[in-house]
Amino acid sequence: MPVRWTVRLHSPKAARHATPAQLHGLACALFEGAGADHTSQHKPFSTSPLLAADPRRGIAELCIGWLDDRTHPPLDVLVGHRIRLGSQFFTVVHADPEPAPYEALLSAPAARRAELTFLSPTLFTRSGRWIPLPDPELVYQSLLRRWNQYAPAPIAETVVKELLDAVVLTAHDILSQPVALPRGNRVGFTGQAALALLGGTSPEAAAAFSALTRFAAVAGVGAQTTHGLGYVRTALTDRTPPSRPGSVSATNPGEGPADG
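Residues numbered from 1 in each chain as written. Predicted model: local features only at pLDDT ≥ 70, side-chain atom pairs only at ≥ 80, totals over all residues. Heavy atoms only, no water.

Undergrad: Outline the pairing of strand β6 (residues 88-99), listing residues and values.
TA: Inspection of the sheet shows strand β1 (residues 3-10) paired to β6 by 8 bridges, in the antiparallel sense. Looking across to β6, one finds that Leu9 is bridged to Val92. Where strand β5 (residues 82-85) and β6 come together, 4 bridges link them in antiparallel fashion. Note that in β6 the partner of Arg84 across the bridge is Phe89. (Pairing = 2+ DSSP bridges. Helix = DSSP H or I, 4+ residues; strand = E, 2+ residues; numbered from the N terminus.)

Undergrad: Lay out the layout of surface pockets with the relevant residues and their values.
TA: Counted as a void, the second largest pocket has a volume near 300 Å³. Taken together, 25 residues line the second largest pocket, and the ones lying closest to its centre are His17, Ala18, Leu23, Pro49 and Leu50. Partitioned by chemical class, the residues of the lining of the second largest pocket number 18 nonpolar, 6 polar and 1 charged. (1 Å grid on protein atoms, 1.4 Å probe; cavity = no way out; pocket = protein on both sides within 12 Å on 5 of 7 lines; lining within 4 Å. Points joined across faces, edges and corners; volume = space filled by probe spheres on them. Nonpolar A, V, L, I, M, F, W, Y, C, P; charged D, E, K, R; others polar.)

Undergrad: Please set out the pattern of salt bridges residue by residue, giving values where relevant.
TA: On inspection of all chains with the given rule, the structure shows 7 salt bridges. Two residues, Glu32 and Lys43, come together in a salt bridge whose shortest N-O distance is 3.0 Å. Note that Glu32 is positioned in helix α1 (residues 20-32) and Lys43 in the loop between α1 and β2 (45-47), a separation of 11 residues in sequence. Of the charged contacts, one joins Arg57 and Asp54 as a salt bridge, the two residues approaching to 3.4 Å between their closest N and O atoms. Judged by its relative accessible area of 55%, Arg57 falls in the exposed class. (Salt bridge = Lys/Arg side-chain N within 4 Å of Asp/Glu carboxyl O. Buried < 20%, exposed > 50% of the residue type's maximum accessible area, 1.4 Å probe, protein only.)

Undergrad: Explain the nonpolar core to me, using residue names and the numbers behind them.
TA: Tyr140, Leu143, Trp147, Ile155, Leu212, Phe215 and Val221 are the most contacted members of the largest nonpolar core, which has 40 residues in total. When contributions to this core are tallied by element, the ones reaching two or more residues are α2 (102-107), β7 (113-122), α3 (136-150), α4 (157-166), β10 (167-181), β11 (184-197) and α5 (203-219). At 9 residues, α5 tops the list of elements feeding residues into this core. The residues contacting Leu212, other than those within four sequence positions of it, are Tyr140, Leu143, Leu144, Trp147, Ile155 and Leu163. Counting residues in each nonpolar core, the second largest holds 23 residues, with Val7, Ala60, Leu85 and Val92 among its members. (Core = buried A, V, L, I, M, F, W, Y, C linked by side-chain atoms within 4.5 Å. Contact = heavy atoms within 4.5 Å.)

Now the structure itself:
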């Protein structure tokens with residue numbers, strides 16, 4: 001089942017920056033072993049960048065997400081073991097799992113607004129072009145692809161269509177961010193974005209919106225999530241959503257779209 005592991009690491013030296021390729025290599029080694037084929041384009045995990053938790057004590061963290069509903073890799077067996085991240089060596093001192101079963105994500109209370117904080121560069125493409133913006137359709141399409149690939153049951157196509165038609169970007173505060181990848185440099189973004197569902201969206205689409213938003217903290221968002229990109233924190237709220245174009249809000253007649 002989906003689970004997000006917070007892995008605490010200790011090094012006698014201050015932790016240094018880890019490249020996307022190094023993060024990918026470590027995650028593959030942890031989940032697939034040294035002899036596995038690491039070239040597959042579809043992998044059931046994500047990883048954060050190397051996070052400085054307590055630099056003075058040589059403590060760093062990784063947040064690693066597992067998506068496959070059929071298995072549950074026990075990363076806690078790594079506690080006490082030494083791992084390598086590029087040229088750096090760490091001892092695993094703690095591995096804390098936070099389960100997020102698909103059924104629980106879908107049955108949790110639904111909300112109609114979300115705030116996403118993109119903590120590492122997030123990459124999207126459309127028609128072969130890189131899009132360094134928190135486009136709501138691209139955000140939720142990327143989450144839907146990973147959900148439908150690993151969940152026991154996909155989200156219904158009618159619900160998907162309604163969700164993608166109804167989700168809007170209401171505010172953002174982002175910066176473009178270059179990323180050096182093995183196949184060349186790319187441009188993504190970091191920062192915050194507020195998204196919402198238009199008024200009149202069905203409870204089923206609102207439940208899918210909320211489930212996918214929570215799922216983002218495990219799966220990551222956009223491309224190269226196995227390389228430490230697209231690492232996000234999410235928060236859901238239930239304030240009055242904006243109205244559909246041409247409609248009137250039932251609670252505030254005549255009110256236009258909310259400003260986020």
